[in-house]
Amino acid sequence: EDLQVIKLRQTIGMAIQGDRLYTSPFVHRFAKPIQKLELCTKDLQREDILKFQMAIDKQFFFEMWIDGLPLNGFVGFVDDNEEY
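Note that this is a predicted model, so its numbers are computed, not measured. (Residues numbered from 1 in each chain as written. Predicted model: local features only at pLDDT ≥ 70, side-chain atom pairs only at ≥ 80, totals over all residues. Heavy atoms only, no water.)

1. Some details on unusual backbone geometry
This is how the line gets drawn: Helix numbers and strand numbers start at the N terminus; a helix is a DSSP run of H or I with at least 4 residues, a strand a run of E with at least 2. Between buried and exposed lies partly exposed: a residue is buried under 20% and exposed over 50% of the maximum accessible area for its type, with that area taken using a 1.4 Å probe on protein chains only.
Positive phi is not limited to glycine here, since Gln59 has a value of about 55°. Tracing the chain through its elements places Gln59 in the loop between α2 (46-57) and β1 (61-66). Look at Gln59 and you get exposed, because its relative accessible area is 56%.

2. Points about the pairing of strand β2 (residues 69-74)
The condition is simple: At least two bridges found by DSSP between two strands are what make those strands a pair.
Note that β1 and β2 share six bridges and pair antiparallel. Counterpart to Phe61 in the pairing with β2 is Phe74. With antiparallel pairing between neighbouring strands as the criterion, β1 and β2 make up a hairpin whose turn holds two residues, including Asp67 at a positive phi of roughly 55°.

3. Observations regarding the layout of surface pockets
Empty space among the atoms becomes apparent when a probe as large as a water molecule is rolled across them. Counted only if it meets this: We place a 1 Å grid over just the protein atoms. Points where a 1.4 Å probe fits but has no way out form a cavity, open points with protein on both sides within 12 Å along at least 5 of 7 lines form a pocket, and any residue with an atom within 4 Å of a point lines it. Grid points are joined across faces, edges and corners, and a volume is the space filled by probe spheres set on the points.
Taken as a whole, the largest pocket encloses approximately 1,400 Å³ of empty space. Arg20, Tyr22, Phe62, Glu63 and Met64 are, among the 30 residues lining the largest pocket, the residues nearest its centre. Those elements giving two or more residues to the lining of the largest pocket turn out to be α1 (12-17), α2 and β1. Considering each element in turn, the lining of the largest pocket owes the most residues, six residues, to β1.

4. Quick notes on the side chain of Asp48
Stated formally: Polar contacts, as used here, are pairs of N or O atoms within 3.5 Å; protein pairs need one atom able to donate a hydrogen and one able to accept it. Residues neighboring in sequence count only if both atoms are side-chain atoms. The contact rule is simple, with two residues in contact once any of their heavy atoms fall within 4.5 Å.
Checked against the element boundaries, Asp48 lands in helix α2. Looking at Asp48, the relative accessible area reads 17%, which means it is buried. From its side chain, Asp48 meets the backbone nitrogen of Gln45 in a polar contact 2.9 Å long. In this structure Asp48 touches Lys42 and Asp43, once residues within four positions along its chain are discounted.

5. Details of α2
In plain terms, the rule: Here the expected length of a helix is defined as 1.5 Å per residue gap, with one fewer gap than residues. The arc in question is formed by the directions pointing from the helix axis toward the C-beta atoms.
Between its first and last C-alpha atoms α2 spans 16 Å; for twelve residues at 1.5 Å apiece the expected length is 16 Å, and the two agree. Those residues of α2 not exposed but buried are Asp48, Ala55 and Ile56. On an axial view of α2, the arc spanned by its buried residues comes to 100°, and they lie on one face. Across α2 from its buried face, at more than 90 degrees, point the exposed residues Arg46 and Glu47.

6. Remarks on the pattern of salt bridges
Spelled out, the test is: In the sections that follow, a salt bridge refers to a side-chain nitrogen of Lys or Arg positioned within 4 Å of a carboxyl oxygen of Asp or Glu.
Applying the stated criterion to the full structure yields two salt bridges. Taking the shortest distance from any N to any O, the salt bridge between Lys42 and Asp48 comes out at 4.0 Å. Residue Lys51 pairs with Glu47 through a salt bridge whose shortest N-O separation is 3.5 Å. Taken as a pair, Lys51 and Glu47 lie in helix α2 at a separation of four residues, close to a single helical turn.

See the structure below:
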């Protein structure tokens, strides 16, 4: 299946804040049950893992909208044993 992700135009304010907006090929509706399904099968390489670790260390966060409702959170966490 060819899923399209499109980068949307950004304003100067968005660029300064580091915001990047993309469309999603997935449709989710608030409070509507969905079947569990695999969305990605990419094998992560060492460089990919290091990028995730950097994003966690620098407390990067994500923000998205589901059915017009905002949702945000941090990209992972480090537990008490300092494991990602």
